[in-house]
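# Observations on the model geometry
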Amino acid sequence: MAETAQQNPQAAGSSWTSFLKSIASFNGDLSSLTAPPFILSGISLTEYSSYWSEHPSVLVAPSREPDAQKRAMLVLKWFLSTLKQQYATRSEKYGNEKKPLNPFLGELFLGKWEDEAGTTELISEQVSHHPPATAYSITNKNSGVHLEGYNAQKATFGKTINIKQIGHALLTIPTPAGDRETYLISLPSLHVENLFLGAPFIELNSTSFITSSSGFTAKIDYAGKGWLSGKKNSFTATIYPTGREKEVLYNASGQWTKQFEIHTGSAKHSSDANLVDSYDATAAATTPLFVAPIEQQHPLESRRAWQKVAEAILKGDMDTVGREKGKIENAQRELRAKEKSEGRMWQRRYFTVQAEPDRVLGLLGKHAGVPDHGDGDKTGGVWRFDQAKADRLRGEQPLSEEQQKVLARDHLGQ
Ligand code: HC3
């Protein structure tokens, strides 16, 4: 059984050095990195989609606001409130940013949040394996607020690992006036800090945008330690009428892991007279995601499919990790070969590739830095949630034990 870093720091040190050597020559495919045991996580990337909605009431708040300009401000506030969960919680919890499991094609992660915002449902699906891409849909049943998107990552190695996110998110908000507004959200780039000291964490860099069909754009500039404020996880943001960047309506600044404030106009007044909202990421309680017990899950649901691997990672039992991962990888390879020979393709359960040019990307993409082709060539397509598929699945009979066994055998080699 392999030792963990805590059990034997010296062994961890030497495997970390070999890991650093291996990344210096890696090809940009993060899934191909062989990391030492103590940096491996038993959580798959399909689970990361849940970080978008750990505060459902902040997500749905814009749907109750009658003023379009203020709604755009509340959408920015919600987006900023997701960043701590997305990019900092894992290193805060475990002391380092771990390497997640690479999802297999068709892997699912399903769950729901129940709180004062009502029921908010999460569907996350690995829609492409080569290149790897995850798609998700998050729906708040009470308000009809809906978030969906897909993402992939492209890594390069310079002084550290730099990760460009490919893909985007679309937030649809029913307004009190009965209209529906769409917000196109681009994804920030990130890099790994502290890699050489063996305790990597994520820092965001460059700029991301949120552009709305109601005519507003938010521009968020990320800055790490050593930049203007000298504080980790800093940002400044402005909201302006789309295309008129100098006419700043709101400005926001602070740390996405700690506190931030939103003011009207282009600057923060010293008296805080123009303060309109604030957020404290350290105090905001998250709503836990409810995930069905493993025995009730679909065989392709992430925690059920990876159960043995995840348990072995926790124990530091690398032989079992390798063997169990190998079973899934081999089964997946065989399944793809079989599909190819039979001239068919794995049918995604909840998402479909957008065949026509995408209307929202065509209208808003250039203001949000998202190409109108949605980078579909790098994600296996422009993936959109398919409500008709989801409705059909809801109407289906639960799988028999035999059907579950066949799925587990064919997809996971179990
Ligand atoms: C780069 C990353 C995998 C991708 C993760 C993404 C971009 C996934 C989508 C989420 O919405 C946001 C998100 C957050 C963190 C990103 C991960 C951080 C590290 C991980 C690499 C594959 C691991 C690199 C290895 C090591 C040792 C540095 O952890």
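Each residue is numbered by its place in its chain's sequence as written, counting from 1. Where totals are concerned, whole chains, interfaces and linings use all residues; where local detail is concerned, this predicted model gives features only for residues with pLDDT of at least 70, and gives and counts side-chain atom pairs only at 80 or more. Values reported for side chains reflect all heavy atoms of the structure, with hydrogen atoms and water molecules removed beforehand.

Going by the annotation in an unreviewed UniProt entry, the name recorded for the chain is Oxysterol-binding protein, with Coniella lustricola given as the source organism. Checking UniProt for the chain, the heading Sequence similarities (unreviewed entry) contains the comment "Belongs to the OSBP family." UniProt positions are given in the numbering used here, feature names are shortened, and annotations may be inferred rather than shown by experiment.

### Details of the pattern of salt bridges
Side chains carrying opposite charge are able to pair once their charged atoms draw close together. The term salt bridge refers to a pairing of a side-chain nitrogen on Lys or Arg with a carboxyl oxygen on Asp or Glu at a separation within 4 Å. Inspection of every chain in the model, using the stated rule, returns 18 salt bridges. When salt bridges with common partners are traced through the structure, they connect Glu 121, Lys 141 and Arg 394 into a single cluster.

### A short note on the packing of aromatic side chains
Aromatic ring pairs: the centre-centre distance and the angle between the two ring planes describe each pair. Ring pairs shown here join Phe, Tyr and Trp side chains whose ring centres sit within 6.5 Å, with only the six-membered ring taken for Trp; geometry is labelled stacked below 30 degrees between planes, edge-to-face above 60, and tilted in between. What the rule picks out here adds up to 12 aromatic pairs. A ring pair is formed by Trp 52 and Phe 79, whose centres lie 6.3 Å apart and whose planes are at 40 degrees; its orientation type is tilted. One end of the pair, Trp 52, is in the loop between strand E1 (40-44) and helix H2 (56-60); the other, Phe 79, is in helix H3 (residues 68-87), with 27 residues separating them in the sequence. Like Trp 52, the residue Phe 79 is buried in the burial classification. Grouping aromatic residues by their ring pairs yields a cluster made of Trp 52, Trp 78, Phe 79 and Tyr 136. Geometry around Phe 201 places Lys 232 over its ring, the cationic atom sitting 4.2 Å from the centre. Elements are defined by DSSP. Helices are runs of H or I of four residues or more, strands are runs of E of two residues or more, and each kind is numbered from the N terminus. Think of it in three bands: residues with accessible area under 20% of the maximum for their type are buried, residues over 50% are exposed, and the middle band is partly exposed, with areas taken using a 1.4 Å probe on protein chains only. Any Lys NZ or Arg CZ found within 6 Å of a ring centre and within 35 degrees of that ring's normal is scored as a charge over the ring.

### Concerning the environment of Asp 377
Structurally, Asp 377 is set in the loop between helix H8 (359-368) and strand E18 (383-385). Residues Asp 377 and Glu 342 lie 35 residues apart in sequence; the distance between their C-alpha atoms is 24 Å.

### Considering the packing of helix H6 (residues 307-315) against helix H7 (residues 318-341)
The description of two packed helices rests on the angle between their axes and on the distance between the axes. All axes are obtained by fitting lines to C-alpha atoms, using only the stretch in contact for helices, and the reported angles, taken between N-to-C directions, cover 0 to 180 degrees. At their nearest, the axes of H6 and H7 sit 8 Å apart, and the two run at 160 degrees to each other. By the angle between their directions, the pair H6 and H7 is classed as roughly antiparallel. Crossing geometry of H6 relative to H7 is assigned as left-handed. Residues Lys 308, Val 309, Ala 312 and Ile 313 of H6 form the contact with H7, whose participating residues are Met 318, Thr 320, Val 321, Glu 324 and Lys 325. In the contact of H6 with H7, the residues fall into five nonpolar, one polar and three charged. By definition in this entry, angles of less than 35 degrees are roughly parallel, angles greater than 145 are roughly antiparallel, angles of 65 to 115 are roughly perpendicular, and the rest are oblique. Crossings are sorted by hand: turned counterclockwise from the far helix by less than a right angle, the near helix makes the crossing left-handed, and turned clockwise it makes it right-handed. Any two residues whose heavy atoms approach within 4.5 Å are treated as being in contact. Three residue categories are used. Nonpolar comprises Ala, Val, Leu, Ile, Met, Phe, Trp, Tyr, Cys and Pro, charged comprises Asp, Glu, Lys and Arg, and polar comprises the others, including Gly.

### Observations concerning unusual backbone geometry
Note the cis peptide between His 130 and Pro 131, where omega equals -5 degrees. One can find Pro 131 in the loop between strand E4 (118-128) and strand E5 (133-140). Notably, Asn 194 is not glycine yet its phi reads approximately 65 degrees, a positive angle. Relative to the helices and strands, Asn 194 resides in the loop between strand E9 (189-193) and strand E10 (201-205). Backbone geometry places Asn 233, a non-glycine residue, at a positive phi of 50 degrees. Turning to its location among the elements, Asn 233 is positioned in the loop between strand E12 (216-223) and strand E13 (234-241).

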